[in-house]
Amino acid sequence: MVTLKKIIRKVRRVVIKIGTSVLLDDKGRLSPKALGGIASGIAFIQKKGIRVILVTSGAIPLGMQHLRLSKRPHQIGELQACAAIGQPILMGLYQKSLQRHRLHVAQVLLTRNDLEDRARFLNAKHALTALLHQGIMPIINENDTVVTEEIRFGDNDNLAALVTNVIEADLLVLLTDRDGFYTADPDHDPEAKIIPVVENVDDDFFSYASDTAKNISIGGMKTKLEAAHKAGQFGVPTVIANGRDANTLKKIFLDESVGTLFLPRVDPLVARKHWIAYTLKPQGRLVVDGGAVQALVTGKKSLLASGVLEVQGKFSQGDPVDLNDPSGKTIARGLISYNSEEVTQIKGKKTSEFEKVLGYKGPDELIHRDDLVLL
C-alpha cells in the first residue's frame, strides 16, 4: 500500500499552496505567527534537499485591508486594484520571513493564457527550473492585476495543481484552516470525521465538499478536491492539511500522519495530455453518438467525423474542444483538426467524402488519438 512515508522518500520537488485562511487570523489580520511557521517549515524542507515552489493567496485581502474594505469586491477593476496594492506587501512579508532562514525568493505571476499557449507554457517551465537550479524559491500567484474573468484560473488551488505539471513536482501540499478532508462540513456536522487517505476523487467526495462562504477569499474544499484530482491525473499525490499549525510542514516531511493524503492515478497522463485536459479552456463542443463513445473509451481510437451528431460553439483548427455523449456528459477533450464550420459540413460523413464536401482532403481524424484525453 502506498503511504505518505513512501511518497516523501521520493520527493525532490514539492508545490506548496498557502490559503488566505492560513495567513490571516480570525479577525482578518495578517498573522506574523503563521508566516513564521510557514517560513520555518519551508526551511526545514529545503535542508532535506527538496526544492519548494510556493503558490500563495493573500494579495487581494491585504489590498482590501489597505483600502479598508470589509468585504471582497465583486467588480473586476476593484479586485485588480486590491491585487496591485496587496501583491508587493505580500511579497515583502514573505521575503522578510524567509530571509531569516537565508532563503532567497523570486516573484512569478501567471495567467491562464501563459499556460494555455504551449510556447509560453514551456517558457514558464524553463524560468521556474532556472530559479530552482540557482537555489531560489519561486513564489507564484495568479496575475490578478491584468486578468479578466475569461482568462482566470479561478483560484490558487487549481493554479497550484497546474504548476505541478509545469515544474514536474513530486507532491502537492494544500494548506488550509482545516485539519484535512472531512466526511461533512465540521462547522455544521459534529459527526464529521477526517478521511485519512483518498484513493480516487469521485462524485461522492465532491458531495462532501463545499465552497467557501468567507468575505475575504474564494475557493474552499471543493476547489481543493479539483486540485487534488488534477494533480493525481499527472501522477502527483496531494496532502490537504491545517496550515495554522506552525509545525504542519515539518510533520508532513517527518512522515507523521497529518491531514488527508490523496493518492494519484497509477497510469498518469503524460505532460502534454495533462496540459490538454486541465490547462486549456475548451472553445467548443461536439456531441458524438454511442458508437463513437465506445470507440473512444473502449477502443482507444481517434474521433472520426462519422460519429459526430452535433457541433456547438465556434472554434478554429487546433483549438481544444470537449466531446459529449448523447446524454450531455463530457467524456473527453482534444485538439480539433478542422474549424467549426468545416466540422458542421462533414459531421456524420465518411472520410472519403471530405474532399467532395470541403473542396480539399484534410486529416482523416477530427481529433487524433495523440491529441485526445479521456476525462
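Before reading further, recall that the structure is shown in the block above.
Caption draft 1: Seen up close, the pattern of salt bridges. Going through the model one piece at a time under the given rule, you end up with 10 salt bridges. Notably, a salt bridge pairs Lys17 with Asp157, separated by 3.0 Å at the nearest N-O pair. Of this pair, Lys17 sits in strand E1 (residues 13–18) while Asp157 sits in helix H8 (residues 156–167), and the two are 140 residues apart along the sequence. Connected through shared salt-bridge partners, Lys17, Asp157 and Lys224 make up one network.

Caption draft 2: Region of the structure containing the environment of Gly41. On the secondary structure map, Gly41 appears in helix H3 (residues 32–47). Sequence separation between Gly41 and Lys251 is 210 residues, and the spatial gap between their C-alpha atoms is 9.0 Å. Ignoring sequence-local partners within four residues, the contact set of Gly41 consists of Leu249 and Lys250.

Caption draft 3: Focus on the sheet that holds strand E6 (residues 197–198). Spatially, eight strands are ordered E3-E4-E2-E1-E5-E7-E8-E6 in an open sheet, and the strand pairing comes out mixed. Bordering the open sheet on either side are strand E3 (104–110) and E6, each of which pairs with just one other strand. Looking at chain direction, strand E7 (residues 238–242) and strand E8 (residues 260–262) are connected through three bridges and run antiparallel. Across the sheet, Ile240 pairs through a bridge with Thr260, a residue of E8.

Caption draft 4: Seen up close, the pairing of strand E5 (residues 171–176). The buried fraction of E5 is high, at six of six residues. A two-sided burial pattern is seen for E5, the buried positions comprising Leu171, Val173 and Leu175 on one face and Leu172, Leu174 and Thr176 on the other. Pairing geometry for E1 and E5, over five bridges, is parallel. The partner of Ile18 across the bridge, within E5, is Leu175. Note: E5 against E7, five bridges, orientation parallel. When the bridges of E7 are listed, Thr176 appears paired with Asn242.

Caption draft 5: Inspection of unusual backbone geometry at higher detail. Of note in the backbone geometry, Arg68 takes a positive phi value of approximately 60 degrees without being a glycine. The residue Lys300 is not glycine, and still its phi comes out positive at about 55 degrees. Mapping Lys300 onto the fold places it in the loop between helix H13 (290–297) and strand E10 (308–312).

Caption draft 6: Structural detail: the sheet that holds strand E11 (residues 320–324). As summarised here, the arrangement of the five strands in space is E10-E9-E11-E12-E13, forming an open sheet in which the pairing is mixed. Looking at the sheet topology across the chains shown, the edges are occupied by E10 and strand E13 (372–374). Pairs of neighbouring strands in the sheet enclose a mean axial angle of 25 degrees, with direction left out of account. One ladder, built from four bridges, connects strand E9 (residues 284–288) with E11; its direction is parallel. Across the sheet, residue Val287 finds its bridge partner in E11, namely Asn324. Against the sheet, helix H12 (residues 271–279) engages strand E12 (330–335) and E13, with an angle of about 115 degrees to E12.

Caption draft 7: Expanded view of H8. With 12 residues, H8 should cover 16 Å at 1.5 Å per step; its first-to-last C-alpha distance of 16 Å lies within 8% of that length. With 12 of 12 residues buried, H8 lies mostly within the body of the structure. Considered for burial, the residues of H8 that qualify are Asn156, Asp157, Asn158, Leu159, Ala160, Ala161, Leu162, Val163, Thr164, Asn165, Val166 and Ile167. Taken from the residues just after H8, Glu168 is the one with a positive phi, measuring 55 degrees.

Caption draft 8: Structural view of the packing of aromatic side chains. Counted by the stated rule, this structure contains three aromatic pairs. Measuring from ring centre to ring centre gives 5.8 Å for Tyr338 and Phe354, while their planes differ by 80 degrees; the resulting arrangement is edge-to-face. Within this pair, whereas Tyr338 is found in the loop between E12 and helix H14 (340–346), its partner Phe354 is found in helix H15 (residues 354–358), the two being separated by 16 residues in sequence. The burial state of Tyr338 is the same as that of Phe354; both residues are buried. Above the face of the Trp275 ring, Arg118 is positioned so that its terminal group lies 4.8 Å from the ring centre.

Caption draft 9: Representation of the nonpolar core within the structure. Grouped together as the largest cluster of nonpolar side chains are 44 residues, with contacts concentrated most on Val15, Ile140, Val163, Ile167, Leu172 and Phe262. Only strand E2 (51–56), E3, helix H7 (118–133), H8, E5, helix H10 (221–233) and H12 provide two or more residues apiece to this core. Looking at which element gives the most residues to this core, the answer is H8, with seven residues. Apart from the residues lying within four places of it in its own chain, the contact partners of Leu172 are Val15, Ala160, Ala161, Thr164, Ala227, Ala231, Val236, Pro237, Thr238 and Val239.

The rules behind each value
- Residues numbered from 1 in each chain as written.
- Predicted model: local features only at pLDDT ≥ 70, side-chain atom pairs only at ≥ 80, totals over all residues.
- Heavy atoms only, no water.
- Salt bridge = Lys/Arg side-chain N within 4 Å of Asp/Glu carboxyl O.
- Helix = DSSP H or I, 4+ residues; strand = E, 2+ residues; numbered from the N terminus.
- Contact = heavy atoms within 4.5 Å.
- Pairing = 2+ DSSP bridges.
- Buried < 20%, exposed > 50% of the residue type's maximum accessible area, 1.4 Å probe, protein only.
- Axes fitted to C-alpha atoms, helices over the stretch in contact; angles between N-to-C directions.
- Expected span 1.5 Å × (residues − 1).
- Phe/Tyr/Trp six-rings, centres within 6.5 Å; stacked < 30°, edge-to-face > 60°.
- Lys NZ or Arg CZ within 6 Å of the ring centre and 35° of its normal.
- Core = buried A, V, L, I, M, F, W, Y, C linked by side-chain atoms within 4.5 Å.

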